[in-house]
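Listed below, chain by chain, are the residues.
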Amino acid sequence: GQSLEQPSEVTAVEGAIVQINCTYQTSGFYGLSWYQQHDGGAPTFLSYNALDGLEETGRFSSFLSRSDSYGYLLLQELQMKDSASYFCAVTFDNYGQNFVFGPGTRLSVLP
Amino acid sequence: EAEVAQSPRYKITEKSQAVAFWCDPISGHATLYWYRQILGQGPELLVQFQDESVVDDSQLPKDRFSAERLKGVDSTLKIQPAELGDSAMYLCASSLGGTNTEAFFGQGTRLTVV
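Remember, it's a predicted structure, so these values are computed and weren't measured experimentally.

S.K.: Outline the pattern of salt bridges, supporting the account with residue identities and numerical values.
M.R.: Summed over the entire model, instances satisfying the criterion amount to 6 salt bridges over all chains. Across the pair Arg59 of chain A and Asp82 of chain A runs a salt bridge whose closest N-O atoms are separated by 2.8 Å. Of this pair, Arg59 of chain A sits in the loop between strand E6 (53-57) and strand E7 (60-65) while Asp82 of chain A sits in the loop between strand E8 (70-75) and strand E9 (84-91), and the two are 23 residues apart along the sequence. Between Asp57 of chain B and Lys62 of chain B there is a salt bridge, with its nearest N and O atoms 3.7 Å apart. A network of salt bridges, in which partner residues are shared, links Arg64, Glu83 and Asp86 of chain B.

S.K.: Can you break down the sheet that holds E7 of chain A residue by residue, with the values?
M.R.: Residue and element names in this part refer to chain A. The sheet built from 5 strands is open, its strands ordered E1-E3-E8-E7-E6 with antiparallel pairing. Whereas interior strands pair on both sides, the edge strands pair on one side only; in this sheet they are strand E1 (3-5) and E6. With direction set aside, neighbouring strand axes in the sheet form an average angle of 20°. In terms of strand pairing, E7 meets E8 through 6 bridges, oriented antiparallel. Bridge assignment links Phe63 to a residue of E8, and that residue is Tyr72.

Conventions used here
- Residues numbered from 1 in each chain as written.
- Chains lettered and ligands numbered in written order.
- Predicted model: local features only at pLDDT ≥ 70, side-chain atom pairs only at ≥ 80, totals over all residues.
- Heavy atoms only, no water.
- Salt bridge = Lys/Arg side-chain N within 4 Å of Asp/Glu carboxyl O.
- Helix = DSSP H or I, 4+ residues; strand = E, 2+ residues; numbered from the N terminus.
- Pairing = 2+ DSSP bridges.
- Axes fitted to C-alpha atoms, helices over the stretch in contact; angles between N-to-C directions.

Any functional reading would require information beyond the geometric quantities listed.
Following this line, the structure appears as structure tokens:
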């Protein structure tokens, strides 16, 4: 089976840097994705890591360590609009199309 | 900009009644997913289609839930009979398939069973 763990809540102030961790246990592993979901909205794709290391996309970066079954999402220069839930998701088949989502981390950005 | 369309946005139904949700994925997307999301939790996969074929329905409660994607384009998810515990957001998503791993989600259907 598959299981993912994330902190349930994180709070930070505008302009700060925050890291959201994700650990996983899966029977197979293809890659780790991150999605953002605002209250009442649809999840939207942020990033994907298939290989170890850091991927940077603007203010957001995502890291993966396959040997540690661990990844994180790094958000820099936090803005109020970043307040949302963030989900890591594992793709665990070689076809790369089967996703399992983590429980989510609710980020609150304070002024 | 292309998007995944879902209807209805909200549905209130009485327990033991039948309810259906519709999803139209982004044109050309071969893979279609139905997820259920309970408030405060992550999306849980119910069923995954590749074109018109089901590739994973291991978490679908088949005694009451059914899903189809007859022509490999739009899809319908049905619940019959609905139970109080089915109250949740039902999300549809699609992806190109192959090595493309980004899923695009619709706005979802918020189901309330009373």
